[in-house]
Amino acid sequence: MLRLVANRLLGTASGEVLKRPLQVLPRFYHENVIDHYNNPRNVGSFDKNDPNVGTGLVGAPACGDVMKLQIKIDEESGKIVDACFKTFGCGSAIASSSVATEWVKGKSMDEVLTIKNTEIAKHLSLPPVKLHCSMLAEDAIKAAVKDAEAKRAKMKPSPIEKAADV
């Protein structure tokens, strides 16, 4: 019975042997992932001690991916004027980092917090098993903004210091 069902599924109802073996299709990355992996944008790092640089360092212990994303903030406008990353991980993690750095440039810190991992995953056509890579990118953006805001808060004089200067 099992042989009869298998033969029907394989198109060999009469029981003859297949003339060609079944073709197993390889899994491919989407062209956007390949593009950002082969030509990553904004690879590098800024001085983490620069008060206008926010650094986000995140990792996924399950797969070993580690992502460092840095943003450089313009003092007057508060907009992100530059971004860079260094990522140790798979092609999807590198591509997610690259996309994130492109998307944050020219935006305010509040605007970049609205970038969701689902948007990155959709842009790269990431399969479900690689969604953690886009989640890392979102977390890295949030961590970089949090670091930048903490540095900016330290730079601003407190109301007590302002009063003492008067």
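Residues numbered from 1 in each chain as written. Predicted model: local features only at pLDDT ≥ 70, side-chain atom pairs only at ≥ 80, totals over all residues. Heavy atoms only, no water.

## Notes on the overall build of the chain
Line of reasoning, step 1. If you tally the helices and strands in the chain, you get seven helices and three strands.
Line of reasoning, step 2. Secondary structure elements in the chain, listed N-terminal to C-terminal, are α-α-β-β-β-α-α-α-α-α.
Line of reasoning, step 3. Sequence-distant contacts in the chain: of pairs separated by 6 or more residues, those separated by 24 or more amount to 60%.
Line of reasoning, step 4. Put simply, the chain shows about 10700 Å² of open surface, and 58% of that area lies on carbon and sulfur atoms. (Helix = DSSP H or I, 4+ residues; strand = E, 2+ residues; numbered from the N terminus. Contact = heavy atoms within 4.5 Å. Areas by Shrake-Rupley, 256 points an atom, 1.4 Å probe, with all protein chains shown as cover.)

## With respect to unusual backbone geometry
Line of reasoning, step 1. One non-glycine residue, Asn42, lies in the positive phi region at around 65 degrees.
Line of reasoning, step 2. As for its placement among the helices and strands, Asn42 is situated in the loop between α2 (31-38) and β1 (53-60).
Line of reasoning, step 3. With phi around 55 degrees, Ser125 is a residue other than glycine that occupies positive phi space.
Line of reasoning, step 4. Relative to the helices and strands, Ser125 is located in the loop between α5 (117-124) and α6 (131-155).
Line of reasoning, step 5. Take Ser125: its relative accessible area is 38%, and that puts it in the partly exposed class. (Buried < 20%, exposed > 50% of the residue type's maximum accessible area, 1.4 Å probe, protein only.)

## With respect to the pattern of salt bridges
Line of reasoning, step 1. Applying the stated criterion across every chain yields a total of six salt bridges.
Line of reasoning, step 2. Of the charged contacts in the structure, one is a salt bridge between Arg41 and Asp35, with a shortest N-O distance of 2.7 Å.
Line of reasoning, step 3. Of the residues examined, Arg41 reaches a relative accessible area of 24% and is grouped as partly exposed.
Line of reasoning, step 4. Under the relative-accessibility criterion, Asp35 is labelled partly exposed at 31%.
Line of reasoning, step 5. A salt bridge links Lys142 to Glu138, with the shortest nitrogen-to-oxygen separation between them at 2.9 Å. Pair noted here: Lys142 and Glu138 are both in helix α6, with a separation of four residues, about one helical turn.
Line of reasoning, step 6. Classification of Glu138 by relative accessible area gives buried; the value is 8%.
Line of reasoning, step 7. Taken together, the shared-partner salt bridges in this structure form one network comprising Asp35, Arg41 and Glu102. (Salt bridge = Lys/Arg side-chain N within 4 Å of Asp/Glu carboxyl O.)

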